[in-house]
Amino acid sequence: MRRSRELARRVVARGAAQVSLAWLATLVVLAVLAPVLPIDPLAQDLLAELEGPSAAHWFGTDELGRDIMARVIYGARTSLMTAAGAVAIAGAVGVPIGLMAGFFGGWRDAVLMRLIDVLLALPGILLAMAIIAVVGRSQAAALLAVGITGIPSFARITRAQVLSLRKRDFVVAVEALGGSAAYTMFRTVLPNSWSPILVQVVVLSSVAILLEAALAFLGIGIPPPTPSWGEMLRTGKTYLYEAPTYAVLPGLVLTLTILSLDMLGRVMASVLEDRHEIEEPAALQGGRP
Amino acid sequence: MIGYILRRLAQLLPVLLLASVGIWAMVYAIPGGPVGMILGENATPEQIAALRAELGLDRPVIVQYWAWLTNALAGDLGVSLHSRQPVVSLIGERLPATIQLGLAATVVGLLIGIPVAVASALMPGSWLDRALSGWSALALGVPTFWLGILLILLFAVHLRWLPSASGYVPFWESPIEMLRNILLPALTLGIYVSGIFARFLRASLVAELRADYVRTARSKGLPERDVVGRHVMRNAMLPFVTIVGLMMANFIGGTVVTEAVFTYPGLGRLLITAISTRDYPLIQGCILVILVIYILINVMVDVLYAYIDPRIEYA
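Residues numbered from 1 in each chain as written. Chains lettered and ligands numbered in written order. Predicted model: local features only at pLDDT ≥ 70, side-chain atom pairs only at ≥ 80, totals over all residues. Heavy atoms only, no water.

Draft legend 1. View of the overall build of chain B. If you tally the helices and strands in chain B, you get 13 helices and zero strands. Counting from the amino terminus, chain B carries its helices and strands in the arrangement α-α-α-α-α-α-α-α-α-α-α-α-α. The dimensions of chain B, computed from C-alpha atoms along their principal axes, are 85 × 60 × 35 Å. Counting all 315 residues of chain B, 47% fall into the buried class. Taking contacts inside chain B between residues at least 6 apart in sequence as the whole, the part at least 24 apart equals 72%. For chain B, the accessible area works out to roughly 15500 Å², and carbon and sulfur atoms hold 66% of it. The distance from the centre of the 21 positive side-chain charges to the centre of the 18 negative ones in chain B is 11 Å. (Helix = DSSP H or I, 4+ residues; strand = E, 2+ residues; numbered from the N terminus. Buried < 20%, exposed > 50% of the residue type's maximum accessible area, 1.4 Å probe, protein only. Contact = heavy atoms within 4.5 Å. Areas by Shrake-Rupley, 256 points an atom, 1.4 Å probe, with all protein chains shown as cover. Lys, Arg positive; Asp, Glu negative; His and termini not counted. Charge placed at Lys NZ, Arg CZ, Asp CG, Glu CD.)

Draft legend 2. Quick look at the confidence of the model for chain B. Summarising the model, chain B shows a mean pLDDT of 84, and 95% of its residues fall at 70 or more. Per the prediction output, this complex has pTM 0.87; the corresponding ipTM is 0.86. (pLDDT = per-residue confidence, 0-100.)

Draft legend 3. View of the side chain of S20(B). All names here are of chain B. Structurally, S20 can be placed in helix α1 (residues 2-29). Judged by its relative accessible area of 5%, S20 falls in the buried class. Polar side-chain contacts of S20 include one of 2.7 Å to the backbone oxygen of L17. When neighbours within four sequence positions are excluded, S20 is seen to be in contact with Y65, W68, L69 and L288. (Polar contact = N/O pair within 3.5 Å; in protein donor to acceptor, adjacent residues only side chain to side chain.)

Draft legend 4. Looking closely at a nonpolar patch on the surface. All names here are of chain B. There is a patch of nonpolar side chains on the surface, built from M1, I2, L6, L9, V292, L296, L304, Y307 and I308 and spanning about 820 Å² of accessible area. Among the elements of the structure, α1 and α13 (280-308) are those that each provide at least two residues to the nonpolar patch. As for its position among the elements, L304 is in helix α13. Judged by its relative accessible area of 41%, L304 falls in the partly exposed class. (Patch = residues over 30% accessible without salt bridge, like charges linked within 9 Å, V, L, I, M, F, W, Y side chains within 5 Å. Salt bridge = Lys/Arg side-chain N within 4 Å of Asp/Glu carboxyl O.)

Draft legend 5. A look at the domain arrangement of chain B. Residues and elements named next belong to chain B. By domain assignment, chain B separates into domain 1 (2-87) and domain 2 (96-308). Relative placement of domain 1 and domain 2: their C-alpha centres are 34 Å apart. Tallying the contact residues gives 23 residues for domain 1 and 20 residues for domain 2. Buried surface at the junction of domain 1 and domain 2, summed over both partners, amounts to about 1900 Å²; 80% is from carbon and sulfur atoms. The largest share of the area that domain 1 buries against domain 2 comes from L16, I23 and M26, three residues that together contribute 24% of it. Applying the counting rule to domain 1 against domain 2 returns zero salt bridges. Contributing elements (two or more residues each) for the side of domain 1 that touches domain 2: α1 and α4 (61-73). Ranked by the residues each element gives to the side of domain 1 that touches domain 2, the list is headed by α1, at 13 residues. For the side of domain 1 that touches domain 2, the class distribution of residues is 19 nonpolar, three polar and one charged. (Domains from an automatic or database assignment. Buried area = accessible area lost by both parts, 1.4 Å probe. Nonpolar A, V, L, I, M, F, W, Y, C, P; charged D, E, K, R; others polar.)

Draft legend 6. Up close: the interface of chain A and chain B. Every contact between the two is made by 36 residues of chain A and, on the other side, 41 residues of chain B. Each partner contributes to the roughly 3200 Å² buried at the junction of chain A and chain B, and carbon and sulfur atoms together form 82% of this total. Taken together, the connections running from chain A to chain B amount to three residue pairs in polar contact (both at pLDDT 80 or more). Counting only elements with at least two residues in the side of chain A that touches chain B, the list comes to α4 (106-119), α5 (124-135), α9 (194-217), α10 (229-237) and α11 (244-274) of chain A. Counting residues per element, the side of chain A that touches chain B draws most heavily on α11(A), at eleven residues. Partitioning the side of chain A that touches chain B into residue classes produces 28 nonpolar, three polar and five charged.

Draft legend 7. Representation of empty space enclosed by the protein within the structure. All names here are of chain A. In the structure shown here, the tally under the stated rule is one cavity of 30 Å³ or more. What the largest cavity holds in volume is close to 50 Å³. Lining the largest cavity we find A86, V87, A90, V146, G150, L204, V207, A208 and L211. Listing elements by their share of the lining of the largest cavity, those giving two or more residues are α3 (68-104), α6 (139-166) and α9. (1 Å grid on protein atoms, 1.4 Å probe; cavity = no way out; pocket = protein on both sides within 12 Å on 5 of 7 lines; lining within 4 Å. Points joined across faces, edges and corners; volume = space filled by probe spheres on them.)

Draft legend 8. Region of interest: the environment of S219(B). Here S219(B) shows up in helix α9 (residues 212-219). For S219(B), a relative accessible area of 62% translates into the label exposed.

Draft legend 9. Focus on the confidence of the model for chain A. All names here are of chain A. When pLDDT is averaged across chain A, the result is 83; 93% of the residues are at 70 or more. Highest mean pLDDT in chain A belongs to α3 (91); lowest belongs to helix α12 (residues 282-285) (36). Under a pLDDT of 50 for its full length, residues 276-289 has, in the predicted model, 20 contacts with residues more than four places off or in other chains.

As structure tokens, this is what we get:
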């Protein structure tokens, strides 16, 4: 806990991270407050179709006269919730797989990592498309597809981290003191592996938001009328001549979000790399088995 | 060498087999299974029983998989439910378009990525280096479908230089028409991979520039141009070949979003159409073909790398 606060302090000290965090915080606040804001993403005004940005509609209106900014804000809810859910699925499956593969080694490592290789045998977007082809198009399908696509990176990062800790004295000590495999894995190895996993959470959030938008753009993501950035780009693309800002502005919000998460991930990774001081293993702070 | 290739293939065989089981099992996982997929929801029990027998669904599962696999290996991927045409010929029509786009995008990526990497590696830490790193981050972060829309707005809607929808024109039929059609999609994908190429090549150039042989070359008075051009570039290019190869493998299936932006008639659009019309034999065929090509290119990249780098032992 102390170390993650230290990590957070160092990350926030970087200018690039501040800009990213400011954007992401604005987005989260807007997404959370959306229901109490005076905006309605579904209200149609057929007399005001495909209008450009104006004082009444900052981002203009869509083909049904709906306010695009309201839809972008509600789209943020869709994006952020899908990303959070997908990263949770990927982490909940991927981290234990990596932990077990790295901890036990041998045939269990070989079998688990072969399974991960199968997930990696296709580019991510195709894997997600294949999953949607099987379970059909729905909100849950999009979540599941994006989540499963993220499993391999969690498994690999965790496994690499576990391998580097496996033979360290404090792990061997816990085992020698009679710590069970489960105790050693979850209470000793895992608490010392959080930093790279946390970086992965940020990186994968970016990937998840992009993938959800891409699926929606292809017309197989979260079904309408749920506002989604990718869906807005898909529809906006058909009105490039009439209302060029329709596709451009939601895309800009999506791009800024992805760039912010990428930037944050890079800053976190470089802070971790820079940190040369010897760390006191969390296992020894928290008592004995 | 041949032994090495065979060993690499043998390592990938389990992955291929497992993935093929997954692709085959797809139709069994959908509600209603293969019968419901063909007959729809309002079929009579007699129709269902007849079709089950016809499709061989009353046979053991392993027999069914084996039949599917041997057919696929013999080039029979079934018939599209929608167009009633053989899946193999539908895929065959689209594959050249995707390959052409993938190659064009790789060329664009190299044309942008290599100069960016060399310029920033020669002056690490300078303002130019930082600006170019910013470019790479931007190239990697901007979603291709948004970049594609921006390019269409600029070059097709505003300037009217290029078409907003790109058809497939084979290079040998009309190079100029082909360029007009492929320029925007190739630029969209090429800018994205240029970010990957630049980052990777910069890192390996910077590492090489610190090597002892570079100090030796410089201290014996070799001009910097020759140090970089003749020694450093050659060594840095080696691992770079791998990345270029992997990206090309990715393009076999990974152009799907760009194809959608430009309504380009490639394999990716075929797959999207297949998914939206629930044309399962076509979905299975597309994914299987993409998977096999993807894995084969990966093996080829490995082999090529071992071949051009004498330090790698493959005996």
